[in-house]
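What follows is the residue order along each chain.
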Amino acid sequence: MSSINGRRVAVVAGCRTPFCKSGTALKEARAVDLARYAARELLERTNLDGAEVDEVVFGQVVPSALVPNVGREVSLLPQFPKEIPAYSLNRACASAGQAITAAQDQIVLGHANVVLAGGVESLSDIPILASRRLADILVEASKARSLGQRLKTFSRIRPRDLIPVSPAIAEPSTGESMGQSAEKMAKENGISREAQDRWALRSHQLAAAGTADSRLTAEIAPWLPGRADQPVVTQDNGIRSETSLEQMAKLKPVFDRRYGSVTAANASPLTDGASAVLLMSEDAARTLGYEPLAFIRSYAVAAVDPGWQLLQAPVWAVPKALQRAGIGWGQLGLIEVHEAFAAQVLSNFKGWAEKGWEINEDIINVMGGSIAIGHPFGATGGRMVTTLANEMRRRDVQFGLVSICAQGGMAFALVLERR
Amino acid sequence: MPALTWELRDGIAAVTLDLPGQPVNLISRAVKDEFNAAFERLAGDAAVHAVAFFSGKADNFIAGADIEEFVKLSSAAEAERLSADGQEMLDRVARFPKPVAVGIHGACLGGGLEFALACTYRVASDHPKTQLGLPEVQLGILPGAGGCQRLPRLIGARAALDIILAGKVERAQKAFKLGVVDELVPPAILREITLAAAKKLAGGWRPRRKRIGGIIAWLLDGTPPGRALVFRMARAQVFKKSGGNYPAPLAALEAVEYGLRHGLAEGLKREAQLFGRLAVTDVSRKLVQIFFATTQLKKDFGVAGAAPPAPAAVQRLGVVGAGFMGAGIAGTAVSQAGVDVRMKDADLPRVAKGLLSAREILDERLKRRRITRYEHARLVALLSGSAAYTGFGRADLVIEAVFEDLQVKQQVLKEVEAETHQRSVFASNTSTIPITRIAEVAQRPEQVIGMHFFSPVARMPLLEVIPGARTAPGTVSTAVAFGRRMGKTAIVVKDSPGFWINRVLAPYMNEAGHLLLAGVAIEEIDRLMTQWGFPVGPITLLDEVGLDVAQKASGVLHAAFGERLAAAPAFALLVKDGRLGRKAGRGFYRYAGGKKRGVDSAVYALVGVQPNGGVHSAEILQRLVLVMLNEAARAVGEGVVRSPRDGDVGALFGIGFPPFRGGPLRHADDLGAARIVADLERLADRHGERFTPCEVLRDQARRHGKFYP
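A brief structural summary. (Residues numbered from 1 in each chain as written. Chains lettered and ligands numbered in written order. Predicted model: local features only at pLDDT ≥ 70, side-chain atom pairs only at ≥ 80, totals over all residues.)

## Thoughts on the overall build of chain A
Turning to step 1, where the next piece is worked out: Of the regular secondary structure elements, chain A holds 13 helices and ten strands.
Turning to step 2, where the next piece is worked out: Against the 2.2 N^0.38 benchmark of 22 Å for 419 residues, chain A shows a C-alpha radius of gyration of 22 Å, consistent with a compact globule.
Turning to step 3, where the next piece is worked out: Seen through its principal axes, chain A has C-alpha atoms that stretch 75 × 55 × 45 Å.
Turning to step 4, where the next piece is worked out: In chain A, which comprises 419 residues, the share counted as buried stands at 53%.
Turning to step 5, where the next piece is worked out: Considering only contacts in chain A between residues 6 or more positions apart, those separated by 24 or more positions represent 81%. (Helix = DSSP H or I, 4+ residues; strand = E, 2+ residues; numbered from the N terminus. Rg over C-alpha atoms; globule rule 2.2 N^0.38 Å. Buried ≥ 20, exposed ≤ 12 C-beta atoms within 10 Å, placed from the backbone. Contact = placed C-beta atoms within 7 Å.)

Now the structure itself:
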């Protein structure tokens, strides 16, 4: 299907760093290091001359105070000319997906031919904030005109002011944390603990299989550490091939200790990582000699009231994207569903099933999902698009779907086509 | 067209020096005359209240005196007059009745800095190209236009000696910190600020200069006993560094000391006298010859003919083999040439290790403040690697530094050719395998070449470029040009065993082994050669290179050239004993904690001798030096190097041949072929055929020939 002015956008290639649980193998890298690493390796793998790139777009959910525009730092890699504009965006957990479609928009409009899109998150490198009172005092002290005045300002600091504040993963509008929302969805949609654990186990087993047969690791640029005493990281480190339902059953629910069902095992872990995807107009891909993995057929975003079921917006985003693609659910040959929580995945399924759509698990998350692989918020969309595009090629599937639920009651859906 | 022009505005004469048709400003006799005339006119012009002085060249202030004029000098008296002329001109500037402010951007060296020192006020741009220094000592002379007088008066004896005695060139920031310049400003406002300073000076304002360093500095630089101590220590250091082989630093020291003791006028006289004496020394002649030879080499792409093919641009370098050499090549390429480097080795941990070791070269530059934190981060991002050939598709040049084995290297060549583009050049860093052999399996043999780096790559300044039988001229110029971008002096040598450096080194090292077996003490051999001017002796060098590496190279030479280049039997015994040199912690010397800890006397028992002092030091020297000269002459006869110039520069930079001797071929000329042949024949009679003089020397002896005209 061609777009408004006949310019179709190709997914040429994608790659990512290994996804590692926060505070583990990638903890010393800053988010900007991870983003640059993924972008540079993508250039290496495609042998693309950086000068061909027209724009860089990166997603990040919790930006660093020191590097607020991570995209620009990526486009300032020495492999690029310095004249490539870049920006960073935040569509919560769908940020990399949004970066990819933002790139697509620019290409379709004819503003660009080649765009590098991606996303990054380092939850080992989050800004730790000073308390509001301490911040006020520091600002005031910095404006003091004399040493005496400055000391007087400092003298107002009280011990409790020194307790740092770390950003919580909670909705600013409702105060409800992500986990509490998942807990609520499990209850309201009748998703059992066992069903959640089963989905989590499946995620680990399929991701382990994808790692063993190197379909998954093929997308990973091995992380070569910056210090001699650290090992090379070639795979995601959250995947547990040996886990079992029995082991998972032992875990206590985290968000509702008495009646809850959401545990550390059936939720995605806090993760560090980055992804990058190379997008080109169909013509540019042909001219530069690349064989596209797939083309973007359509995309859509939707939102619901965050106070309702925070992660249920895919039930609205996906039909919108399918409608824009002009295809039906039954025509999808592969589906990638973001797994923030098993409860959310199964709730999304329920919502889709209520539309009369058949949930065929054989084509969903065939190499596992975020529960096993990990979920660096800003980067996940890039991983999903890359995995989907590669697997569509392997299986020669014509239509594939990416669905991502996101903070703020939002969702993002993207349809790829093979030919 | 005049070199000096000026325009007058608001009572300030803005003077510009711009030598017509020259890339840089140099001070020649003609320029001096113009200076004198110009300053006379400016002095007489009542409308001029102050002078602001600039260079008209884009990135050069004044590069120094014109060396071409200097080499024409034939007597000490003539040289002394040249120095006195320069002093007089600058004296005129210093005593000029109106203040002079200079705005310095670009190189400000030698006579250029001496001029700036004679002015009233110095403003420098903070650009990396702005460098100030007095490199005269490196040419065997001293700053003879008042530099030995004005610099210590401005920044103190210690700081001045530090610059003058080592012939140092400092970046603008450092010069500012030392007090050489009064202000440091961005290039964009250099002119404006200098003009403003001239205007202020015209109004009677004078800069107040604080002595840097407080009370200790005052004690050392400002009091006679303090100064005496400073000079005593500096003298001791000069002796230690030059081994008494270089007269210039000592003479410069004397010029500074004399001037501080007896006043400026007497100091200048002494300075000119000493300059005159130094200018006609053999050492200075040699150092100037080397300067010209290396300058010529920088323009030589190693390809015959009037219009050598232009080198291909290398934007991306592939390095196969992430070991010590590969990492050194990668790190140096990033740090010096700023190219994108992709490394490849068989497994990722090895690649990671290689990248870290390449990165150390950048870390070192950061630590020495040669680059900023931000430049460091940019350069680090140029280094990457993988266990596959990803990214090699765009490599314009690939250098392999894998295991020294023909099959392995040929395999790598085939793999690389399959990955790279059609114009990509493949270079082998082999030291022992003929390039022509490696290229036998090539699809594009005309793009295969040897690039022989020396270890450690970051520090060793020489590169041997070796075209194989089918290598295209364009490939040669590409390799030479890239080596130059890596900061190396490149010589193009013939694809013959050992190339040039290992060829002349082998008999010398072997002879050290023969001497050891004759009962000469290890430290005696090393001491004699360092005294002769080498930075380290042959036995220490063996330990540094690694005895296994030397053995491998020597095996190749033995096979190719016969008994003459057979390794001394002592070496194999050490290798067998695991004494591989420094890297193994033990060789001829003991090593602990990365430091040399003295001769390991167990070595004597191992090779079955007792040091007995049996051989005279004169004969030790003769055997070591002549055996090298003989092989060098023979190799020149075989066309291993393209010219004696290349051979000498190679030996200076590749093995540390004493610069004041000019190189092995220059030294052979000095000794005279007849004498060398006679000595060699005598040695051959006594010690065997390895000393038999080569045909080149015999022929020279017969017809009174020389290597250099």
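## Re the interface of chain B and chain A
Turning to step 1, where the next piece is worked out: Taken together, the contact pairs 18 residues of chain B with 15 residues of chain A.
Turning to step 2, where the next piece is worked out: Where the side of chain B that touches chain A is concerned, the elements lending two or more residues are strand 12 (340–344), helix 15 (348–367) and strand 13 (383–386) of chain B.
Turning to step 3, where the next piece is worked out: Per-element tally for the side of chain B that touches chain A: the top contributor is helix 15 of chain B, with seven residues.
Turning to step 4, where the next piece is worked out: Split into classes, the residues belonging to the side of chain B that touches chain A amount to eight nonpolar, five polar and five charged. (Nonpolar A, V, L, I, M, F, W, Y, C, P; charged D, E, K, R; others polar.)

## Points about the pairing of strand 17 (residues 462–467) of chain B
Residues and elements named next belong to chain B.
Turning to step 1, where the next piece is worked out: Most of strand 17 sits inside the fold, with six of its six residues counted as buried.
Turning to step 2, where the next piece is worked out: Here strand 17 shows two buried faces, one formed by Leu462, Glu464 and Ile466 and the other by Leu463, Val465 and Pro467.
Turning to step 3, where the next piece is worked out: Judged from the five bridges that link them, strand 16 (residues 448–453) and strand 17 form a sheet pairing that is antiparallel. Its bridge partner being in strand 17, His452 is matched across the sheet by Glu464.
Turning to step 4, where the next piece is worked out: Summarising the sheet, strand 17 and strand 18 (residues 489–492) pair through four bridges and their orientation is parallel. Within strand 18, the position partnered with Leu463 by the bridge is Ala490.
Turning to step 5, where the next piece is worked out: In this fold, the crossover linking strand 17 to strand 18 by way of helix 19 (residues 473–485) has right-handed handedness. (Pairing = 2+ DSSP bridges. Right-handed = clockwise from strand over helix to strand, strands pointing away.)

## Digging into the nonpolar core
Turning to step 1, where the next piece is worked out: Val11(A), Ala35(A), Leu279(A), Ala413(A), Leu142(B), Ile164(B) and Ala252(B) are the most contacted members of the largest nonpolar core, which has 358 residues in total.
Turning to step 2, where the next piece is worked out: The biggest single contributor to this core is helix 26 (residues 617–637) of chain B, with eleven residues.
Turning to step 3, where the next piece is worked out: Ignoring any residue separated from it by four or fewer positions in sequence, one finds Leu279(A) in contact with Val9(A), Ala10(A), Val11(A), Val12(A), Ile100(A), Ala103(A), Gln104(A), Ile107(A), Val115(A) and Ala117(A). (Core = buried A, V, L, I, M, F, W, Y, C linked by C-beta atoms within 7 Å.)

## Structural notes on the sheet that holds strand 8 (residues 131–133) of chain B
Neighbouring strands of a sheet are bound in pairs by backbone hydrogen bonds; such pairs are parallel or else antiparallel.
All names here are of chain B.
Turning to step 1, where the next piece is worked out: Ordered in space as 4-6-8-9, the four strands form an open sheet in which the pairing is mixed. Only two strands of the sheet have a single neighbouring strand rather than two, namely strand 4 (60–62) and strand 9 (169–171). This sheet shows a mean twist of 20 degrees between the axes of neighbouring strands, independent of strand direction.
Turning to step 2, where the next piece is worked out: With three bridges connecting them, strand 8 and strand 9 associate as antiparallel partners. Across the sheet, the residue bridging to Gly133 is Val169, located in strand 9. (Axes fitted to C-alpha atoms, helices over the stretch in contact; angles between N-to-C directions.)

## Re helix 8 (residues 190–202) of chain B
Residue and element names in this part refer to chain B.
Turning to step 1, where the next piece is worked out: Given a rise of 1.5 Å per residue, 13 residues ought to cover 18 Å, and the 18 Å separating the end C-alpha atoms of helix 8 matches this to within 8%.
Turning to step 2, where the next piece is worked out: Leu190, Thr194, Leu195, Ala197, Ala198 and Leu201 are the residues of helix 8 that are buried. Looking straight down helix 8, one finds that the buried residues subtend no more than 160 degrees of arc, so they occupy a single side.
Turning to step 3, where the next piece is worked out: Contacts from the buried residues of helix 8 go to strand 2 (12–17), strand 3 (50–55), strand 5 (100–104), strand 7 (121–125) and strand 10 (183–185).
Turning to step 4, where the next piece is worked out: Gly204 occupies a position one or two residues after helix 8 and carries a positive phi of about 100 degrees. (Expected span 1.5 Å × (residues − 1). Arc of directions from axis to C-beta.)

## Side note on the sheet that holds strand 3 of chain B
Residues and elements named next belong to chain B.
Turning to step 1, where the next piece is worked out: Across the sheet, which stays open at both edges, the six strands sit in the order 1-2-3-5-7-10 with mixed pairing between neighbours. Each end of this open sheet is capped by a strand with a single partner; those strands are strand 1 (4–9) and strand 10. With strand direction ignored, the average angle separating the axes of adjacent strands in the sheet is 20 degrees.
Turning to step 2, where the next piece is worked out: Examined bridge by bridge, strand 5 and strand 7 share four bridges and lie parallel to one another. Bridged to Gly103 within strand 7 is Val123.
Turning to step 3, where the next piece is worked out: Running over the sheet, helix 1 (residues 29–44) touches strand 1, strand 2 and strand 3 and is turned about 20 degrees from strand 1.

## Brief notes about helix 3 (residues 76–94) of chain B
Residues and elements named next belong to chain B.
Turning to step 1, where the next piece is worked out: Between its first and last C-alpha atoms helix 3 spans 26 Å; for 19 residues at 1.5 Å apiece the expected length is 27 Å, and the two agree.
Turning to step 2, where the next piece is worked out: Residues of helix 3 that are buried include every one of Ala79, Glu80, Leu82, Ser83, Ala84, Gly86, Gln87, Met89, Leu90 and Val93, and no others.
Turning to step 3, where the next piece is worked out: Among the structural elements, helix 1, strand 5, helix 4 (111–118) and helix 12 (264–279) are those in contact with the buried residues of helix 3.

## Looking at the packing of helix 27 (residues 644–655) of chain B against helix 28 (residues 664–671) of chain B
Residue and element names in this part refer to chain B.
Turning to step 1, where the next piece is worked out: Two numbers describe how helix 27 lies on helix 28: the axes approach to 7 Å, and their chain directions differ by 110 degrees. With respect to helix 28, the axis of helix 27 lies roughly perpendicular. Contacts from Pro644, Gly647, Asp648 and Ala651 in helix 27 reach Pro664, Leu665 and Arg666 in helix 28.
Turning to step 2, where the next piece is worked out: Residues of the contact of helix 27 with helix 28, tallied by class, amount to four nonpolar, one polar and two charged. (Parallel < 35°, antiparallel > 145°, perpendicular 65-115°, else oblique.)

## Focus on the environment of Leu697(B)
All names here are of chain B.
Turning to step 1, where the next piece is worked out: Tracing the backbone through its elements, the reader meets Leu697 in helix 30 (residues 695–703).
Turning to step 2, where the next piece is worked out: C-alpha separation for the pair Leu697 and Phe453, spaced 244 residues apart in sequence, amounts to 30 Å.
Turning to step 3, where the next piece is worked out: With residues up to four places along the chain from it excluded, the contact list for Leu697 reads Asn630, Ala633, Ala673, Ile676 and Val677.

## With respect to the pairing of strand 7 of chain B
Turning to step 1, where the next piece is worked out: A large share of strand 7 of chain B lies buried, amounting to five of its five residues.
Turning to step 2, where the next piece is worked out: Residues Tyr121(B), Val123(B) and Ser125(B) of strand 7 of chain B are buried on one face, and the alternating residues Arg122(B) and Ala124(B), pointing to the opposite face, are buried as well.

## A word on unusual backbone geometry
All names here are of chain B.
Turning to step 1, where the next piece is worked out: Ser455 connects to Pro456 through a cis peptide bond whose omega is -5 degrees.
Turning to step 2, where the next piece is worked out: Relative to the elements of secondary structure, Pro456 occurs in the loop between strand 16 and strand 17.
Turning to step 3, where the next piece is worked out: A positive phi angle, close to 55 degrees, is found at His704, a residue other than glycine.
Turning to step 4, where the next piece is worked out: Tracing the backbone shows His704 in the segment after helix 30.

## Some remarks on the packing of helix 23 (residues 547–561) of chain B against helix 24 (residues 569–576) of chain B
All names here are of chain B.
Turning to step 1, where the next piece is worked out: Where helix 23 contacts helix 24, the two axes come as close as 10 Å, and the packing angle between them is 135 degrees. On the basis of their axis angle, the class for helix 23 and helix 24 is oblique. For the crossing formed where helix 23 meets helix 24, the hand is left-handed. In contact with Leu547, Asp548, Ala550 and Gln551 of helix 23, helix 24 contributes Phe571, Ala572, Leu574 and Val575.
Turning to step 2, where the next piece is worked out: For the contact of helix 23 with helix 24, a count of residues per class yields six nonpolar, one polar and one charged. (Left-handed = near helix turned anticlockwise from the far one by under 90°.)

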